[in-house]
Amino acid sequence: MLRRLIILGLLAAAGLALYSNRHRISDLAGVESNKVRIQGNWHEVRSGFKEDDIYTFNDDTVSRNGDPVGVYKFNSYRELEVSIGEYGGVYLVEFPDHENMTWYQEVKGEEKVRRRWRR
């Protein structure tokens, strides 16, 4: 009987610890999710049209038409740090659907679209 109470107490403590850190756990899950979403081939979209260059995001490396041109990493669920050629900076990333990705930067408290991508 005592053993069951101890086990129940340990399970309750573990559940409470997980519940109190649920926001951290969901942030980690989101980061992993976005790391998977960004992988693959993307075309930059300008004026509603896909550019010819193919950018490949894979293993924290960015390649353009097969040649490595930069690096990227997620600092949090939405925050993406990127360096591609002369472009570099920190962006807020959004995946409206599987085929599209949008990079924003915060300007005077407003999110401004900086780059759009399409598979």
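Residues numbered from 1 in each chain as written. Predicted model: local features only at pLDDT ≥ 70, side-chain atom pairs only at ≥ 80, totals over all residues. Heavy atoms only, no water.

**A few points about the overall build of the chain**
And step 1. Helices and strands together make up the secondary structure of the chain, namely two helices and nine strands.
And step 2. What you see in the chain, going N to C, is helices and strands ordered as α-α-β-β-β-β-β-β-β-β-β.
And step 3. Within the span of the chain, comprising 119 residues, buried residues form 24% of the whole.
And step 4. Once local pairs closer than 6 in sequence are excluded, the contacts in the chain between residues at least 24 apart make up 30%.
And step 5. For the chain, the accessible area works out to roughly 8300 Å², and carbon and sulfur atoms hold 53% of it. (Helix = DSSP H or I, 4+ residues; strand = E, 2+ residues; numbered from the N terminus. Buried < 20%, exposed > 50% of the residue type's maximum accessible area, 1.4 Å probe, protein only. Contact = heavy atoms within 4.5 Å. Areas by Shrake-Rupley, 256 points an atom, 1.4 Å probe, with all protein chains shown as cover.)

**Looking at the side chain of Ser 63**
And step 1. As for its position among the elements, Ser 63 is in strand E4 (residues 61–64).
And step 2. Take Ser 63: its relative accessible area is 14%, and that puts it in the buried class.
And step 3. Once residues within four sequence positions are removed from consideration, Ser 63 is found in contact with Ile 54, Tyr 55, Thr 56, Pro 68 and Val 69.

**A word on the nonpolar core**
And step 1. Counting 16 residues, the largest nonpolar core has Ile 38, Phe 57, Leu 80, Met 101 and Trp 103 as its most contacted members.
And step 2. Of all the secondary structure elements, the ones that give two or more residues to this core are strand E3 (55–58), strand E5 (67–74), strand E6 (79–84), strand E7 (87–97) and strand E8 (100–107). (Core = buried A, V, L, I, M, F, W, Y, C linked by side-chain atoms within 4.5 Å.)

**Observations regarding unusual backbone geometry**
And step 1. With phi around 65 degrees, Asp 60 is a residue other than glycine that occupies positive phi space.
And step 2. Residue classification places Asp 60 among the partly exposed positions, given a relative accessible area of 40%.
And step 3. Phi at Asn 65 is positive, roughly 50 degrees, even though this residue is not glycine.
And step 4. Positionally, Asn 65 belongs in the loop between E4 and E5.
And step 5. Overall, the relative accessible area of 46% leaves Asn 65 in the partly exposed class.

**A word on the pattern of salt bridges**
A side chain with one charge can pair with a side chain of the opposite charge if their charged atoms come near.
And step 1. Enumeration over the complete set of coordinates arrives at four salt bridges.
And step 2. For Arg 46, the salt bridge is made with Glu 44, and the minimal N-O distance between the two is 3.2 Å.
And step 3. Taking relative accessible area as the criterion, Arg 46 reaches 40% and is therefore assigned partly exposed.
And step 4. Between Glu 110 and Lys 112 there is a salt bridge, and its shortest N-O distance comes to 3.5 Å.
And step 5. Salt bridges linked by common partners bring Glu 44, Arg 46 and Arg 115 together as one network. (Salt bridge = Lys/Arg side-chain N within 4 Å of Asp/Glu carboxyl O.)

**Digging into the side chain of Asn 100**
And step 1. Residue position: Asn 100 is located in strand E8.
And step 2. At 3.1 Å, the side chain of Asn 100 and the side chain of Arg 118 are in polar contact. (Polar contact = N/O pair within 3.5 Å; in protein donor to acceptor, adjacent residues only side chain to side chain.)

**Observations concerning the pairing of strand E1 (residues 40–46)**
And step 1. The sheet contact formed by E1 and E3 spans three bridges and is antiparallel. Bridging across to E3, Gly 40 finds its partner in Phe 57.
And step 2. Summarising the sheet, E1 and strand E9 (residues 110–118) pair through three bridges and their orientation is antiparallel. Its bridge partner being in E9, Val 45 is matched across the sheet by Arg 116.
And step 3. Alignment of E1 against strand E2 (residues 49–50), held across two bridges, turns out to be antiparallel. The partner of Arg 46 across the bridge, within E2, is Phe 49.
And step 4. Between E1 and E2, which pair antiparallel one after the other, the connecting turn spans two residues, and Ser 47 there sits at a positive phi close to 55 degrees. (Pairing = 2+ DSSP bridges.)

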